[in-house]
Amino acid sequence: MQDRSRNQEIARRDLGVVWHPCTQMKDHERLPLVPIQRGEGAWLYDFDGRRYLDAISSWWVNLFGHANPRINSAVRAQLDRLEHVILAGFTHEPVLRLSERLTGLLPDGLSRCFYADSGSAAVEVAVKMSFHYWLNRGSPGKKRFITLGNSYHGETLGALAVGDVELYKQVYQPLLMDVIKVPSPDCYLRETGESWEAHSQRMFEHMERTLAEHAQETAAVIVEPLVQCAGGMRMYHPVYLSLLREACDRHGVHLIADEIAVGFGRTGTMFACEQAGMRPDFICLSKGLTGGYLPLSVVVTTEDVFGAFYDDYTKLSAFLHSHSYTGNPLACAAALATLDIFEADEVIASNKVLAARMTTAAAGLAEHPNVSEIRQTGMILAIELVSDRRTRAPFDWRERRGLKLYEYALSRGVLLRPLGHVVYWMPPYILDHEQLGLLADVTTRGIDVACA
Ligand SMILES: *Cc1c(COP(=O)(O)O)cnc(C)c1O
């Protein structure tokens, strides 16, 4: 028998039965799959003893490292008591305590928690609830949604419809509801010399005009506060959210904040909306909610929305939406342990220090001939690669330079997964000095390799 590595053996068997997400499977004829045996802190270990620094928090979910002892023990303790129970007609302590904690942390007025099991499902819930609210309140004509260009809200058909990343959406367009799209306040596109604030404010004119024209038929505006993550980590100023809150109130339209990626400290505050001092009508949370442990999502909304569904059963006004694993106790226990860590370790404060170290670590790339911009909001730092920094001419997408960088980084023991030609750092909050140094070095050399 051939002496193959454990990695190769597992990869071979895997490629015979598993269909991987967001992947052209044919790529794996050439590109080795990376089987992971265990994780510890910011490191992932394969079966042959190599390790990889998880610089993207395993798709933006992990906050405090893999196999975190505190979250592990909370999940273990819950496992011995109750793994799952139906949440209709029944309840349990973890879901109750989590709801109390979340409503205590969120902006005042967000007081009702509705659970689901993925980010996309949370977006579906918010979209259905908003439409249904207006129906119950006697406005059945409010059934459209306003969304920003380049936004991303998930992959199920409703979530895909209210998003705008062409690569994921275009093929399915014939299946999707028709939405109203407004240009993004994306500050990469600002005029030279224009501030983020001035640009975001100017871009709001499009939203104002659209609301004035379509408010009658619109249920809600949905946005990713401050950072359009899947759309290439494009960022904008909080002023846009303040203006949006005011305009939505004036026009009688809901505001849905999709904080699935940016919630739980990613943008420097616990929730991104805090930076605009605004309270959405719905906030969608997932990803970091369980510290990256288990699938769970929640839509938190107001008493006004809750009240529109609260009536005698025979009025048929209830929100009859459910998922089998709604409010799973193990996932809620992981979420509670995650919130404990935020509190005990004063994570928001210590992240300010780490975010500043990230700024410094990336600064050397600012003048690189293939870097048109380095931008950062809190714990998200993105580097835009272009073929010519002066003209900002993009690379041809077929050249797949991001993939070259991905492969180089893996060979150096770092997991980076560029979005097209945008390289980004979105690390777990426990990244130490040495790990950041490795990340910066591998990113710098990787950009040279990818742009050569
Ligand atoms: C990841 C993401 C989603 C979808 O969440 P899933 O759990 O992958 O379904 C929705 N919105 C935003 C902003 C996201 O980043």
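What follows is about the site of the ligand. Close to the ligand lie W60, S118, G119, S120, Y152, H153, G154, E224, D258, I260, A261 and K287, which account for all nearby residues. In the model, an oxygen atom of the ligand is placed 2.8 Å from a nitrogen or oxygen of the G119 main chain. Between the ligand and S120 there is a distance of 2.6 Å, counted from an oxygen atom to a side-chain nitrogen or oxygen. Protein chains bury 83% of the 380 Å² of accessible surface belonging to the ligand in isolation. Split into classes, the residues belonging to the shell around the ligand amount to four nonpolar, five polar and three charged.

Before going further, it helps to examine the sheet that holds strand β14 (residues 380–385). The three strands lie next to each other as β13-β14-β16, forming an open sheet whose pairing is antiparallel. For this open sheet the edge positions go to β13 (371–377) and β16 (422–425), each flanked by a neighbour on one side alone. Adjacent strand axes in the sheet meet at a mean angle of 15° when their direction is disregarded. Of the strand pairs in this sheet, β13 and β14 are connected by six bridges, and their pairing is antiparallel. Looking across to β14, one finds that V371 is bridged to L385. Its contacts with the sheet place helix α14 (residues 433–451) against β14 and β16, and it is angled at close to 175° to β16.

Structurally, the chain comprises domain 1 (36–67 + 348–451) and domain 2 (72–344). Each of domain 1 and domain 2 was reduced to a C-alpha centroid, and the two centroids are 27 Å apart. Taken together, the contact pairs 31 residues of domain 1 with 29 residues of domain 2. Buried surface at the junction of domain 1 and domain 2, both sides included, amounts to about 2,500 Å², of which 62% is carbon and sulfur.

Here the focus is the nonpolar core. Within the largest apolar cluster, 110 residues are counted, with the highest numbers of intra-cluster contacts made by L102, M207, M233 and F264. Take this core: its biggest share by element is 10 residues, from helix α11 (residues 329–344). In this structure, this core is formed jointly by two domains, domain 1 (36–67 + 348–451) and domain 2 (72–344), each of which donates at least three residues. With near-sequence residues (within four places) excluded, F264 lies in contact with L63, L102, M270, F271, L285, S286, G288, L289, L339, F342 and Y429. Core analysis: the next-biggest nonpolar cluster, separate from the first, contains 24 residues, V125, I222, I256 and V305 among them.

We now examine the side chain of T290. Here T290 shows up in the loop between β11 (282–285) and β12 (297–301). T290 has contacts with L296, A331, A334, A335 and T338, leaving out every residue within four places of it along the chain.

In this section: the sheet that holds strand β6 (residues 180–182). Strand order in the open sheet formed by seven strands is β4-β12-β11-β10-β7-β5-β6, with mixed pairing between adjacent strands. At either end of the open sheet lies a strand with only one pairing partner, and these are β4 (112–116) and β6. Looking at each pair of strands side by side, their axes are set apart by 20° on average, direction ignored. Of the pairings in the sheet, the one linking strand β5 (residues 144–148) to strand β7 (residues 218–223) comprises four bridges and is parallel in character. Considered in β7, the bridge of I146 is made with V221. Against the sheet, helix α4 (residues 93–105) engages β4, β11 and β12, with an angle of about 125° to β4.

Among the secondary structure elements, H254 is positioned in strand β10 (residues 254–258). Distance from H254 to V221, taken between C-alpha atoms, is 6.2 Å for residues 33 residues apart in sequence. Beyond its immediate stretch of four places on either side in the chain, H254 contacts S130, Y133, W134, A219, A220, V221, C248, D281, F282 and V305. A distance of 3.3 Å separates the side chain of H254 from the side chain of W134, its partner in a polar contact.

Quick notes on the rules
Going along each chain's sequence as written, the residues are numbered from 1 onward. In keeping with the predicted nature of the model, local features appear solely for residues at pLDDT of at least 70, side-chain atom pairs appear and are counted solely at 80 or more, and the whole-chain, interface and lining totals rest on all residues. Computation of side-chain values covers all heavy atoms of the structure but excludes hydrogens and water. Any residue with a heavy atom lying within 4 Å of a molecule or strand is counted as near it. Between N or O atoms, a polar contact is any pair within 3.5 Å; within protein, one atom must be a potential hydrogen donor and the other a potential acceptor, and residues adjacent in sequence are included only when both atoms are from side chains. The Shrake-Rupley method, run with a 1.4 Å probe, gives the accessible areas here. Residue values count only the displayed protein chains as cover. Amino acids outside the nonpolar list (Ala, Val, Leu, Ile, Met, Phe, Trp, Tyr, Cys, Pro) and the charged list (Asp, Glu, Lys, Arg) are all regarded as polar, and Gly is one of them. In this description, strands pair whenever DSSP reports at least two bridges between them. For helices the rule is a DSSP run of H or I covering at least 4 residues; for strands it is a run of E covering at least 2, with both sets numbered from the N terminus onward. Whenever a helix is involved, its axis is fitted only over the stretch in contact; in every case the axis is a line through C-alpha atoms, and angles between N-to-C directions fall within 0 to 180 degrees. The criterion used for residue contact is that any of the two residues' heavy atoms lie within 4.5 Å. An automatic or database domain assignment supplies the start and end points of every domain. Here's the idea: put two parts together, see how much 1.4 Å probe accessible area each one loses, and the total over both is what we call buried area. As used here, the term nonpolar core means buried Ala, Val, Leu, Ile, Met, Phe, Trp, Tyr and Cys residues forming a set that is joined through side-chain atoms within 4.5 Å. For each residue, the accessible area found with a 1.4 Å probe, counting protein chains only, is set against the maximum for its type, and the residue is called buried under 20%, exposed over 50%, and partly exposed in between.

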